Amino acid sequence: MKLILKAKCTTLFVLTMSAAYCIVFFFCDRSLAKSTNDKNLSDITGLKIAAGYPMQPAPSLPSPRPVVSPSGPSTSMPQSPALMPTVVPDNSEVPLKTEKLPSLNKGKETDQVQASTTPSGEQKKEKKKEEVTIEYDVSLAPISSQPGLSVVRSMNEALMNSPRAAAVRAQFAIVRANYAYATQGPNPIVFMDRGMVAEQVFRLGPTLTIEPPWKLIFRLLAAKRLVEQTKIDLLAALWNLRADVRKAYVEVVVAQETLKTLIELYDLSSKLLGVASKRFHAGDVPELDLLKARLANSQNEVELSVGKKRVLRSYQQLNVIMGRGVDDLMNVPGLPGFTGQSAAFRLTGEKSDILPDFDRPIPPLQDFIDLAFEHRLELKSLNAQMRVNAANLRTAYGNIIPNPMLTFGKSSSGNAPTGPKLSATFFTLNAETPFSNWHQGDIFTYKATAKQLHYQIGAMRNQIMSEVTSAYQNLVAQREKIRAYQDHVLSDSYAVARLARRSYEVGQSDITSTLQAQQANVQIRTQYLDAVMSYALAFTDLEQSSGLPLQ
């Protein structure tokens, strides 16, 4: 009877320990899932990154500040990207106002607008709603005033639908399996000792490894720190994907504009070839002019064919990285033209979301450096690694105390040589002595790793300063270059090429000077598109080095 009772107690103890492990794992897993759950995007498993706007309210920059007209705050929506983060209200609670985006100053400008349209009793409620940010909002109005696929919408779609983003998000479930590993404990062992002849002894019972409860807690904390670090690393991968989408989008825009230039050049060379042919048949020019015009037209035709292939390739690349079909149709708005009319007139009528807005000055360099120190995912990942290392060091200290092994059960002996058979209970306790192995290797390794991570953070801050400074200066240089081209260079070059062709038509110049003027015009427009590409790449680099979407 006593043996049966002891066996029941042993079974109850084993079941209690197993239930305790399961309960701890369940609540830890449930708390993490609750903190990372997204009702609209359940498959993302908590990994979210803003495509066009920051996930957290960005700190306001001291310069530039939103321009407020004397009659009141401006209600016009910014039409091109400026170099400052923007916070957008959540569409699930507040309808998106397409005529104005909230400013950086955490509702100061927004409150001024609301004061003119909202009763004073509702301002606090509206202000609370305005502080919510947007991730993956497909209804976000594009910054560009042109219809079609904006760069913000393309990044949103890629982060939601791209297979690369799905592969990155799927890694999060793997690292969460560390919670299950942390709850793993030593299994009970069945102990049996049978001496049939010599000792006439039979012992049977379980062997339990008694693990101190703090070891389980330390393992769970280390797993939690590792999950947090991996989440930051996966966000960094999504952040890099976002930059690739922006670069692919800019390549599409530049390829389209290059094709427009080549088409215009081919039309001009065809007209020039027709004029040269008429003048040759009229005996006004030699055959050499006709041959030069034909050669230039043939070269332009070849370049036009290459330009068409470049546009097709850029469209296919953007479709692929966004998760669409290779041959899916899309409408990417082009750049505003600056030939034949003043740049100021064209800018007021047509905007692009990859060109600079010269009405808004660039904030100082130090603002972007401070922004990068606060939001760069690499720095956050290193800080998370320090927390993981500290948790592992705590676990190593906790493992110094060994796990004792307790064996107990029924013992039966024949009591040789003549005595009666005896039955009783027995127990055995085995405990390792931490004399030569007290996990000193792990302890010293984690201590050295903590010191190295401290220096690594300093090195990363130095690298961030270098990246931000380089991208900032490149952006400023390309911005001024674009300003010069838009102000007068493009229009002057267009006028020179047009007058040169007209001069040849009326017989006041030769074919060589006319062709040179056209080639110079094409070269200037190509240089302008190269400046636009360089500016967009510098903007992307500055955004990447700052660690926060810039608009």
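Thresholds, definitions, all that
Residues numbered from 1 in each chain as written. Predicted model: local features only at pLDDT ≥ 70, side-chain atom pairs only at ≥ 80, totals over all residues. Heavy atoms only, no water. Helix = DSSP H or I, 4+ residues; strand = E, 2+ residues; numbered from the N terminus. Buried < 20%, exposed > 50% of the residue type's maximum accessible area, 1.4 Å probe, protein only. Contact = heavy atoms within 4.5 Å. Lys, Arg positive; Asp, Glu negative; His and termini not counted. Salt bridge = Lys/Arg side-chain N within 4 Å of Asp/Glu carboxyl O. Pairing = 2+ DSSP bridges. Axes fitted to C-alpha atoms, helices over the stretch in contact; angles between N-to-C directions. Expected span 1.5 Å × (residues − 1). Core = buried A, V, L, I, M, F, W, Y, C linked by side-chain atoms within 4.5 Å. pLDDT = per-residue confidence, 0-100. Parallel < 35°, antiparallel > 145°, perpendicular 65-115°, else oblique. Left-handed = near helix turned anticlockwise from the far one by under 90°. Nonpolar A, V, L, I, M, F, W, Y, C, P; charged D, E, K, R; others polar. Bend = angle between axes of the 7 residues up to and from the residue.

K.L.:
Residue-level account of the overall build of the chain, with values.
P.N.:
When you go through the chain residue by residue, the secondary structure sums to 13 helices and six strands. Out of the 551 residues belonging to the chain, those deemed buried represent 43%. Across the chain, every contact between residues at least 6 apart in sequence was considered, and the portion connecting residues at least 24 apart equals 78%.

K.L.:
Pulling in residues and values, what's your account of the side chain of Arg479?
P.N.:
With respect to the helices and strands, the residue Arg479 is situated in helix H12 (residues 440-505). Glu480 provides the closest opposite charge to the buried, unpaired Arg479, separated from it by 4.5 Å. Setting aside chain neighbours within four positions, we find Arg479 in contact with Pro356, Asp357, Phe358, Arg360, Pro361, Ile362 and Tyr535.

K.L.:
Describe the sheet that holds strand S5 (residues 405-413), listing the residues and the values that go with them.
P.N.:
Strands sit in the order S3-S4-S5-S6 across an open sheet of four strands; the sheet is antiparallel. Two strands in the sheet have a free side with no partner beyond their single neighbour: strand S3 (189-195) and strand S6 (422-430). Adjacent strand axes in the sheet meet at a mean angle of 20 degrees, parallel and antiparallel pairs treated alike. Where strand S4 (residues 201-209) meets S5, seven bridges bridge the pair, whose relative direction is antiparallel. In the strand pairing of S5, Leu204 is matched with Lys410.

K.L.:
Describe helix H7 (residues 213-281), listing the residues and the values that go with them.
P.N.:
Taking 1.5 Å per residue as the helical rise, H7 with its 69 residues ought to reach 102 Å, and the 102 Å between its terminal C-alpha atoms agrees with that figure. Looking one or two places after H7, you find Gly283, whose phi comes out positive at around 75 degrees.

K.L.:
Explain the nonpolar core to me, using residue names and the numbers behind them.
P.N.:
Core analysis: the biggest nonpolar cluster contains 77 residues, and Leu318, Val332, Tyr528 and Leu542 have the highest contact counts within it. Those residues in contact with Val332 that sit more than four places away from it in its chain are Leu149, Tyr249, Val252, Val253, Gln256, Tyr315 and Leu318. Counting residues in each nonpolar core, the second largest holds eleven residues, with Leu273, Ala276, Tyr504 and Ile511 among its members.

K.L.:
Give a detailed account of the confidence of the model for the chain, specifying residues and quantitative values.
P.N.:
Overall, the prediction assigns the chain a mean pLDDT of 75, with 70% of residues at 70 or greater. Note that residues 50-145 has pLDDT below 50 and, in this model, 200 contacts with residues that lie over four places away or in other chains.

K.L.:
Go over the pattern of salt bridges, please, and point to the residues and values.
P.N.:
Under the definition given, this model contains twelve salt bridges. With its nearest N and O atoms 3.2 Å apart, the salt bridge here joins Lys260 to Glu257. Residue Lys260 and its partner Glu257 are both found in helix H7; the two are separated by three residues, about one turn of the helix. In this structure Lys260 comes out as partly exposed when scored by relative accessible area, which is 43%. For Glu378, the salt bridge is made with Arg376, and the minimal N-O distance between the two is 2.8 Å. Within this structure, Arg242, Arg246 and Glu543 form a network of salt bridges that share partners.

K.L.:
Describe the packing of helix H10 (residues 365-375) against H12, listing the residues and the values that go with them.
P.N.:
The contact between H10 and H12 brings their axes to 10 Å, and the two run at 140 degrees. By the angle class used here, H10 and H12 are oblique. Relative to H12, H10 is oriented so that their crossing is right-handed. Taking contact as the criterion, the partners of Leu365, Phe368, Ile369, Ala372 and Phe373 in H10 are, on H12, Arg461, Ile464, Met465, Val468, Thr469, Tyr472 and Gln473. Across the contact of H10 with H12, the residue classes break down as nine nonpolar, two polar and one charged.

K.L.:
Tell me about the packing of H7 against helix H8 (residues 287-322), residues and numbers included.
P.N.:
In the contact formed by H7 and H8, the axes pass within 7 Å of each other and the chain directions differ by 160 degrees. Relative to H8, H7 is oriented roughly antiparallel. Note on packing geometry: the crossing formed by H7 with H8 is left-handed. Tallied by class, the residues present in the contact of H7 with H8 amount to 23 nonpolar, nine polar and ten charged.

K.L.:
How would you sum up H12? Please name residues and give values.
P.N.:
Compared with an ideal rise of 1.5 Å per residue, which puts 66 residues at 98 Å, H12 spans 91 Å between its outermost C-alpha atoms and is within 8% of the ideal. For H12, the principal kink sits at Gln486 and spans about 50 degrees. Backbone geometry just after H12 places Gly507 at a positive phi near 80 degrees.

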